Amino acid sequence: MAWAFKVRSAERDAQTDSERLGSISAAIEAAVASIRKERDALRARVDAARDQAAFATGTDYDEYLTRDAKDAARIKEYEQQMATGEKRTQELDRQLGGLGAVQEAFNQYFAGKVR
């Protein structure tokens, strides 16, 4: 009794490849969108902290000489928030750059394979 070897149709193979590669493409796109959303929201919060720090700092050239300790502490807190936010923003930009390279390589090798 001979066993017959069968392969799937070319259409079925193309569908399987498209689904497999589509899930990878969707995961990359979702990660990029998530990072952009986080980065944009973080930038808005850093900008708000910068505005609050500027307001708390005041406009007089010698205001720092008579600044209340409570205001000085608040300004220091804003500065820390801004520094932490800027550091995270840089990391998010680095991740976007890396994922952009991954997308570019993916598209180079699998262009036309994802529906």
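Residues numbered from 1 in each chain as written. Predicted model: local features only at pLDDT ≥ 70, side-chain atom pairs only at ≥ 80, totals over all residues. Heavy atoms only, no water.

Caption draft 1: Summary view of a nonpolar patch on the surface. On the surface, Trp3, Phe5 and Val7 cluster together to form a nonpolar patch covering roughly 490 Å² of accessible area. Along the polypeptide, Phe5 turns up in the segment before helix H1 (10-57). (Patch = residues over 30% accessible without salt bridge, like charges linked within 9 Å, V, L, I, M, F, W, Y side chains within 5 Å. Areas by Shrake-Rupley, 256 points an atom, 1.4 Å probe, with all protein chains shown as cover. Salt bridge = Lys/Arg side-chain N within 4 Å of Asp/Glu carboxyl O. Helix = DSSP H or I, 4+ residues; strand = E, 2+ residues; numbered from the N terminus.)

Caption draft 2: Spotlight on the pattern of salt bridges. Scanning all chains against the criterion turns up nine salt bridges. Here Arg88 makes a salt bridge to Glu38, at a shortest N to O gap of 2.9 Å. With Arg88 in helix H2 (residues 69-110) and Glu38 in helix H1, this residue pair connects regions lying 50 residues apart in the sequence. The class for Glu38 is partly exposed, based on a relative accessible area of 34%. Counted as one network, the salt bridges with shared partners bring together Arg39, Asp40, Arg43 and Asp93. (Buried < 20%, exposed > 50% of the residue type's maximum accessible area, 1.4 Å probe, protein only.)

Caption draft 3: Region of interest: the nonpolar core. If you look at the biggest cluster of nonpolar residues, it comprises 14 residues, and the most contacted ones within it are Val32, Ile35 and Met82. Every element with two or more residues in this core is listed here: H1 and H2. A per-element tally of this core places H1 first, with eight residues. Apart from the residues within four sequence positions on either side, Ile35 is in contact with Leu92, Gln95, Leu96 and Leu99. (Core = buried A, V, L, I, M, F, W, Y, C linked by side-chain atoms within 4.5 Å. Contact = heavy atoms within 4.5 Å.)

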